[in-house]
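# Results of the structural survey
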Amino acid sequence: MDVLEDQIERVLISHEEIQEKVRELGERITADYSGRDLLLVGVLKGAFVLMADLSRHIRLPMEFDFMAVSSYGAATKTSGVVRILKDLDHEIADRDVLLVEDIVDSGLTLNYLLKNLRTRRPSSLEVCALMHKVEAQQVPLAIKYTGFEIPSVFVVGYGLDYAERFRNLPYVGTLRPEVYGGLPPG
Ligand code: 5GP
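Residues numbered from 1 in each chain as written. Predicted model: local features only at pLDDT ≥ 70, side-chain atom pairs only at ≥ 80, totals over all residues. Heavy atoms only, no water.

Let us look at the site of the ligand. For the ligand, the set of nearby residues contains 18 residues, the closest of which are Ser 106, Thr 109, Lys 133, Val 155 and Asp 161. Elements represented by at least two residues in the shell around the ligand include exactly β5 (96-104) and α3 (108-118). Split into classes, the residues belonging to the shell around the ligand amount to eight nonpolar, five polar and five charged. (Near = heavy atom within 4 Å. Helix = DSSP H or I, 4+ residues; strand = E, 2+ residues; numbered from the N terminus. Nonpolar A, V, L, I, M, F, W, Y, C, P; charged D, E, K, R; others polar.)

Structure below.
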């Protein structure tokens, strides 16, 4: 199976659906943050695709920063213990921070990140997540901007990987079981 697409079992969210949703989210964010000091913080690596598309639908002057945290390996489950691999380059005190996440599953990663960022005293802190696995959520979280609520299945594409591959798929889909050898990750 050399061709990337041959490894996909099912397309869950098409490229067109994603683009339409991201445009909508960008318009909402533009309206909500008009006249404010917006700093978009992307959570690497998964959020880089959403960050690039979303930011081009936000018609405001703004700045970018990125954090990298440890997440799923090839076949492990999130533990709630998050390691910061790369911290922000800049201070966020008194800034309007919008955290951009690819997907919220148990919510433990996001919960940790929000707690950590709050200690730095931003003037506001909100979240934009492309996908939310509502059934899997283990901690209460307020996510202001959600793209899609999806079932608890392991997905790849549009920034999301399996063993560092599939991030470049323009849509979100599930993998054929033979790709991960039977048991789905996560
Ligand atoms: P949480 O802490 O919410 O359980 O997990 C968050 C992180 O786990 C996400 O940022 C993402 O890196 C990873 N993750 C959760 N669900 C999936 C999934 O379905 N596919 C992939 N590729 N990563 C996922």
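Summarising the element assignment, Arg 167 is placed in the loop between β8 (155-156) and β9 (172-175). According to the relative accessible area criterion, Arg 167 is buried, its value standing at 13%. Within the structure, the side chain of Arg 167 is placed 2.8 Å from the side chain of Glu 164, a separation counted as a polar contact. Beyond its immediate sequence surroundings of up to four residues, Arg 167 is in contact with Lys 45, Gly 46, Phe 48, Val 49, Gly 157, Tyr 158, Gly 159, Leu 160 and Asp 161. (Buried < 20%, exposed > 50% of the residue type's maximum accessible area, 1.4 Å probe, protein only. Polar contact = N/O pair within 3.5 Å; in protein donor to acceptor, adjacent residues only side chain to side chain. Contact = heavy atoms within 4.5 Å.)

The next subject is the packing of aromatic side chains. A full pass over the atoms with the stated rule returns two aromatic pairs. With centroids separated by 6.0 Å and ring planes inclined at 75°, the aromatic side chains of Tyr 162 and Tyr 180 adopt a geometry described as edge-to-face. One end of the pair, Tyr 162, is in the loop between β8 and β9; the other, Tyr 180, is in the segment after β9, and 18 residues separate them in sequence. Residue Tyr 162 shares its accessibility class with Tyr 180, and that shared class is buried. Cation over ring: Lys 21 sits above Phe 148, and NZ or CZ is 5.3 Å from the ring centre. (Phe/Tyr/Trp six-rings, centres within 6.5 Å; stacked < 30°, edge-to-face > 60°. Lys NZ or Arg CZ within 6 Å of the ring centre and 35° of its normal.)

Glancing now at the side chain of His 132. Note on placement: His 132 falls in strand β6 (residues 124-132). A polar side-chain atom of His 132 sits 2.4 Å from a polar atom in the side chain of Gln 137. Setting aside residues no more than four positions away along its own chain, His 132 makes contact with Val 104, Gln 137, Ile 143, Thr 146, Phe 148, Glu 149 and Ile 150.

Okay, the sheet that holds β9 next. Sheet strands pair via backbone hydrogen bonds, and the direction of the pair is either parallel or antiparallel. Read across the open sheet, the three strands follow the order β1-β9-β8; overall the sheet is antiparallel. Every interior strand has two partners, whereas the edge strands, β1 (8-13) and β8, have only one. In this structure, β1 lies alongside β9, joined through four bridges in antiparallel fashion. Of the residues in β9, the one forming a bridge with Arg 10 is Thr 174. (Pairing = 2+ DSSP bridges.)

Okay, the sheet that holds strand β4 (residues 84-86) next. With mixed pairing, six strands are arranged side by side in an open sheet as β4-β3-β2-β5-β6-β7. A strand with exactly one partner marks an edge of an open sheet, and here the two such strands are β4 and β7 (145-149). Between one strand axis and the next, the sheet turns by 25° as a mean value, whatever way the strands run. The pairing of strand β2 (residues 38-44) with strand β3 (residues 63-69) spans six bridges and is parallel. Following the sheet pairing, Leu 44 is matched in β3 by Ala 68. (Axes fitted to C-alpha atoms, helices over the stretch in contact; angles between N-to-C directions.)

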